[in-house]
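# Structural overview
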Amino acid sequence: MTEPCTPSSPGGYPSDCEVMDGYRQIARERGEKTHPAGVSALVLEKAKNIRLLLLDVDGVLTDGTLHYSSSGEELKSFNTQDGFGISLLHQAGVETGIITARKSPMVERRATELKMTHIYQGARKKNEAFKEILKKTGFKPFEVAYMGDDWLDLILLQQVGLSITPANGADELKDVVHYVTSRPGGEGAVRDACTLILSARRELQKLLREYTLG
């Protein structure tokens, strides 16, 4: 138990004890408003209700660059940290899925590898896929997070409980979403989103302990 501070003389410099008390008060106030990563309390409140994370692909799970082989096959690269973040969500009981306007067998393969539950490719009308998922799962919009990077995603970002765009997302999205990740798509943005949800649900440290000694 800490001893009470002895006040400094009127008009004098604050004592060391008073300075430390001041720092503690600032820390308490910041703790009430923000997450250690700088996430607002409002965003954390929204994130703790999430039971399903839905993702766009190009610009979110990838960096948005399209590569083609000499035979015309479309190639994509995925980030392993993103994949592990999705796996951690599953361990915490949070479902995941994809809604993308494009179609690719590699996306199907990656989603299957990661055991994602809801896979919607060629979905130019993303809202229809979203409604179908809600009907199938029984989840409410406030229990769903969606992450997209461009205008096609706006219709969903304005309906879900937690809207997210990566650092490389279009400026128009950054103006309306709840959370902008620190990393761009294909380079850990999805992992940032997973970490936010797990932290808000108080699952992050519990999961981390399974991978550490002691």
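Now for a description of the structure that goes with this document. On a predicted model such as this, the values are computed, not experimentally measured, just so you know.

With that out of the way, let us pick up helix 4 (residues 105-113). The periodicity of an α-helix, 3.6 residues per turn, causes residues three or four positions apart to be oriented the same way. Along helix 4, the residues classified as buried are Met106, Val107, Arg110 and Ala111. Seen from one end, helix 4 has its buried residues packed into an arc of 130°, which puts them on one side. Every exposed residue of helix 4 that faces more than 90 degrees away from the buried side is listed here: Pro105, Arg109 and Thr112. On the buried face of helix 4, the contacting elements are strand 3 (74-75), helix 3 (80-91), strand 4 (95-99) and strand 5 (118-120). Of the residues flanking the start of helix 4, the one acting as N-cap is Ser104, its side-chain oxygen 3.2 Å from the backbone nitrogen of Met106.

The next thing to look at is the environment of Pro184. One can find Pro184 in the loop between strand 8 (179-180) and helix 8 (189-200). Pro184 sits in the partly exposed class, given a relative accessible area of 25%. Considered as a pair, Pro184 and Gly169 are 15 residues apart in the sequence and their alpha carbons are 7.8 Å apart.

The side-chain alternation of strand 7 (residues 162-165) yields two buried faces, one formed by Leu162 and Ile164 and the other by Ser163 and Thr165. The pairing of strand 6 (residues 144-147) with strand 7 spans three bridges and is classified as parallel. Residue pairing in the sheet places Ala145 in a bridge with Leu162 of strand 7. In terms of strand pairing, strand 7 meets strand 8 through two bridges, oriented parallel.

Reading the values: the criteria
Residues numbered from 1 in each chain as written. Predicted model: local features only at pLDDT ≥ 70, side-chain atom pairs only at ≥ 80, totals over all residues. Heavy atoms only, no water. Buried < 20%, exposed > 50% of the residue type's maximum accessible area, 1.4 Å probe, protein only. Helix = DSSP H or I, 4+ residues; strand = E, 2+ residues; numbered from the N terminus. Arc of directions from axis to C-beta. Contact = heavy atoms within 4.5 Å. Polar contact = N/O pair within 3.5 Å; in protein donor to acceptor, adjacent residues only side chain to side chain. Pairing = 2+ DSSP bridges.

On their own, these measurements won't tell you what the molecule is for.
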